[in-house]
There are 2 protein chains.
Amino acid sequence: MKLYDLVGKDKTQGFSPNVWRVRMALAHKGLEVEMVPLIFTEIPNIEGVEAKTVPILEHDGKYITDSWHIACYLEETFPEKPSLFGGDEGKAYAHFIHFSSSYNLTTPLFQALALDIFHALDERDRDYFRETREKRLGKTLEETAEHQAESLAAFVKQLWPYNQTLKTQDFFNGDSPAYVDYTMYGLFQWAKGVSPLKLLSEDEPLYAWRGRMDDLFDGLGKVIKVRS
Amino acid sequence: MKLYDLVGKDKTQGFSPNVWRVRMALAHKGLEVEMVPLIFTEIPNIEGVEAKTVPILEHDGKYITDSWHIACYLEETFPEKPSLFGGDEGKAYAHFIHFSSSYNLTTPLFQALALDIFHALDERDRDYFRETREKRLGKTLEETAEHQAESLAAFVKQLWPYNQTLKTQDFFNGDSPAYVDYTMYGLFQWAKGVSPLKLLSEDEPLYAWRGRMDDLFDGLGKVIKVRS
């Protein structure tokens, strides 16, 4: 099994939030995987795959794309391994958090990180990234970075329901982590991999939760070093 | 079992979103309940109860307050009846939606409905409601109503992750409804009970979902008539 990953200058620091979701899901299932580090402009060159984005999971001669589809594929293909959802209700929950976090958290966080991501990239990816992302943002990366504090504030404000949930339970899934937690963890791994920006304060429940997530699977998430 | 409800001029049109959550939960469990209609200023007068808000469930000599606590109480007290959560993951899901809907949906919806609620109230509640809500809003009910279109737009914008989730499943819980659906349904019953405001367009998944919710339990939710 191979998992195609996104890296920048440092080939050990895969920073895609969606790849991190799958990477944690594979560890949860106890499945061994070979990581294949790619830069943005290499992704369309994988033979036999139409995808322009990672994660891409190669298994049994098949390529599965999109983090949510991969999670569902793993759950169906390995039902005897620990469940990623814990049943239909847990799957519905993970599906909802997939959308709610994408809508309320990923967007402002991307705006806060955009220029930092650019600086973390391999030189060969910079023109591609600048062109596509500036079009999406409607402004230059540098103009976007001037509003970093506001973007971060918009992200932090939307953490409220997530913090409230963790006040009375250790993980989003309840007493133990599952895919819904990996969905959220991917966002923090993304930020950690590209930026020194401080997203959480020590007194909020998400801070302690992130520490618990860092410790899972022999500290798998800690392969990402805080950038300075 | 008695459920204390909030009404306005029309004593048959209980409009509290949180009471509707519990009312649907009781029907889901197949439990009979006597509804006790109260106006806002009567709530603090129930003997032996400290609560200032409904729902209040009276059962077996006890009073249980707060919709989430009542849902958990019902699940624990009647484990042999149909489950409201379907297990720990479903409970975590309902808990998260309790917070996310409160944060992103209830606030703008209240701003859109505030003056309509005022007009639906029993005369004896009007001074209390105007004083407490204007303090909370930081402006008069009439000033709030001048921005009704913006408040509605803010509410509608935040429906995105909810609509996305319902694109591939009939209920938030999955194939069948559970407490997570009643949490959301309460918001729409609230609006329907006090205002002619149109919250959903016919082409969005939430519209069809609301229709399915209206049909549950012999059309229980349809006791609320659309206001004009």
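Bear in mind that the values here come from a model prediction, so they are computed numbers and not experimental data.

Definitions and cut-offs
Residues numbered from 1 in each chain as written. Chains lettered and ligands numbered in written order. Predicted model: local features only at pLDDT ≥ 70, side-chain atom pairs only at ≥ 80, totals over all residues. Heavy atoms only, no water. Phe/Tyr/Trp six-rings, centres within 6.5 Å; stacked < 30°, edge-to-face > 60°. Lys NZ or Arg CZ within 6 Å of the ring centre and 35° of its normal. Contact = heavy atoms within 4.5 Å. Buried area = accessible area lost by both parts, 1.4 Å probe. Salt bridge = Lys/Arg side-chain N within 4 Å of Asp/Glu carboxyl O. Pairing = 2+ DSSP bridges. Helix = DSSP H or I, 4+ residues; strand = E, 2+ residues; numbered from the N terminus. Axes fitted to C-alpha atoms, helices over the stretch in contact; angles between N-to-C directions. Buried < 20%, exposed > 50% of the residue type's maximum accessible area, 1.4 Å probe, protein only. Expected span 1.5 Å × (residues − 1). pLDDT = per-residue confidence, 0-100. Least-squares fit on C-alpha atoms with pLDDT ≥ 70 in both. Parallel < 35°, antiparallel > 145°, perpendicular 65-115°, else oblique. Nonpolar A, V, L, I, M, F, W, Y, C, P; charged D, E, K, R; others polar.

Topic: the packing of aromatic side chains
Part 1 of the reasoning: Inspection of the entire model under this criterion finds 36 aromatic pairs over all chains.
Part 2 of the reasoning: Over the ring of Phe171 of chain A we find Arg212 of chain A; its NZ or CZ atom is 5.7 Å from the centre of that ring.

Observations concerning the interface of chain B and chain A
Part 1 of the reasoning: At the interface, 26 residues of chain B touch 26 residues of chain A.
Part 2 of the reasoning: Summing the contributions of chain B and of chain A, the shared interface buries around 2,300 Å²; its carbon and sulfur component is 64%.
Part 3 of the reasoning: Among the residues chain B hides against chain A, the three largest losses belong to Glu89, Phe96 and Tyr103 of chain B. Together they make up 31% of the total.
Part 4 of the reasoning: At the surface where chain B touches chain A, the tally comes to 0 salt bridges.

Here we look at the sheet that holds strand 3 (residues 56-59) of chain B
Residues and elements named next belong to chain B.
Part 1 of the reasoning: Spatial strand order, 2-1-3-4: 4 strands in an open sheet with mixed pairing. The open sheet has two edge strands with one neighbour each: strand 2 (34-38) and strand 4 (62-65). Mean inter-strand twist for the sheet, computed between neighbouring axes without regard to direction, equals 25 degrees.
Part 2 of the reasoning: Direction of pairing for strand 1 (residues 2-6) relative to strand 2: parallel, over a ladder of 5 bridges. Residue pairing for strand 2: Asp5 is matched across the bridge by Pro37.
Part 3 of the reasoning: On top of the sheet, helix 2 (residues 67-77) reaches strand 3 and strand 4; it is set at about 130 degrees to strand 4, its chief contact.

Regarding the environment of Val33 of chain B
Residues and elements named next belong to chain B.
Part 1 of the reasoning: Looking at the element boundaries, Val33 is found in the loop between helix 1 (17-28) and strand 2.
Part 2 of the reasoning: On the basis of relative accessible area, Val33 is assigned to the partly exposed category, the value being 25%.
Part 3 of the reasoning: The sequence separation of Val33 and Glu58 amounts to 25 residues, and the corresponding C-alpha distance is 9.5 Å.
Part 4 of the reasoning: Leave out the neighbours within four places in its chain, and Val33 touches Met1, Lys2, Leu3 and Leu26.

Examining helix 1 of chain B
Since the α-helix turns once every 3.6 residues, residues separated by three or four places project in the same direction.
Residue and element names in this part refer to chain B.
Part 1 of the reasoning: Look at helix 1: 17 Å from first C-alpha to last across 12 residues, which is about the 16 Å you get at 1.5 Å a residue.
Part 2 of the reasoning: The buried fraction of helix 1 amounts to 10 of the 12 residues, a majority that puts the element mostly inside the structure.
Part 3 of the reasoning: Within the span of helix 1, buried status applies to Pro17, Val19, Trp20, Arg21, Val22, Arg23, Met24, Ala25, Leu26 and His28.
Part 4 of the reasoning: Directly beyond the C-terminal end of helix 1, a positive phi value near 70 degrees is found at Gly30.

Here we look at the side chain of Arg23 of chain B
Part 1 of the reasoning: The topology assignment puts Arg23 of chain B in helix 1.
Part 2 of the reasoning: In contact with Arg23 of chain B, not counting residues within four places along its chain, are Leu3, Asp5, Met35, Leu220 and Val223 of chain B.

Things to note about the confidence of the model for chain A
Part 1 of the reasoning: Of the residues in chain A, 100% have a pLDDT of 70 or more, and the chain-wide mean is 97.
Part 2 of the reasoning: Scored as a complex, the prediction yields pTM 0.95 and ipTM 0.94.

Notes on the sheet that holds strand 3 (residues 56-59) of chain A
Residues and elements named next belong to chain A.
Part 1 of the reasoning: Strands sit in the order 2-1-3-4 across an open sheet of 4 strands; the sheet is mixed. Looking at the sheet topology across the chains shown, the edges are occupied by strand 2 (34-38) and strand 4 (62-65). Strand-to-strand twist of the sheet, defined as the mean angle between neighbouring strand axes without regard to direction, takes the value 25 degrees.
Part 2 of the reasoning: Here strand 1 (residues 2-6) pairs with strand 3 via 3 bridges, running antiparallel. Bridging across to strand 3, Tyr4 finds its partner in Ile56.
Part 3 of the reasoning: Seen against the sheet, helix 1 (residues 17-28) touches strand 1, strand 2 and strand 3 and runs at an angle of roughly 150 degrees to strand 1.
Part 4 of the reasoning: Contacts from helix 2 (residues 67-77) reach strand 3 and strand 4, with the element oriented near 130 degrees to strand 4.

Remarks on the environment of Ser151 of chain B
Residue and element names in this part refer to chain B.
Part 1 of the reasoning: Relative to the helices and strands, Ser151 is located in helix 6 (residues 148-157).
Part 2 of the reasoning: Taking the relative accessible area as the measure of exposure, Ser151 reaches 8% and is therefore buried.
Part 3 of the reasoning: A C-alpha to C-alpha distance of 8.9 Å links Ser151 and Leu113, two positions 38 residues apart in sequence.
Part 4 of the reasoning: In this structure, Ser151 is in contact with Pro108, Gln111 and Ala112, ignoring residues within four places of it in sequence.

Some points on the relation of the copies chain B and chain A
Part 1 of the reasoning: The two copies are related by a screw motion: chain B maps onto chain A through a turn of 180 degrees and a shift of 0.0 Å along the axis, at an RMSD of 0.0 Å. Those values place the two copies in the arrangement expected of a two-fold rotation axis.

Regarding the packing of helix 3 (residues 88-120) of chain B against helix 8 (residues 179-194) of chain B
A packed helix pair is summarised by two numbers, namely the angle formed by the two axes and the spacing between the axes.
All names here are of chain B.
Part 1 of the reasoning: Where helix 3 contacts helix 8, the two axes come as close as 9 Å, and the packing angle between them is 5 degrees. Taken as axis vectors, helix 3 and helix 8 run roughly parallel relative to one another.
Part 2 of the reasoning: Residue composition of the contact of helix 3 with helix 8, by class: 16 nonpolar, 4 polar and 1 charged.

Quick word on the pattern of salt bridges
All names here are of chain A.
Part 1 of the reasoning: Scanning the model with the defined rule gives 16 salt bridges over all chains in all.
Part 2 of the reasoning: A salt bridge links Asp122 to Lys11, with the shortest nitrogen-to-oxygen separation between them at 2.9 Å. Linking Asp122 in the loop between helix 3 (88-120) and helix 4 (126-137) with Lys11 in the loop between strand 1 and helix 1, this pair joins segments that are 111 residues apart in sequence.
Part 3 of the reasoning: Taking the relative accessible area as the measure of exposure, Asp122 reaches 10% and is therefore buried.
Part 4 of the reasoning: Measuring nitrogen to oxygen at the nearest pair gives 2.6 Å for the salt bridge that ties Glu134 to Arg130. With Glu134 and Arg130 both in helix 4 and 4 residues apart, this pair spans about one turn of that helix.
Part 5 of the reasoning: What you see here is one network of salt bridges that share partners, running through Lys11, Glu42, Asp122 and Arg124.

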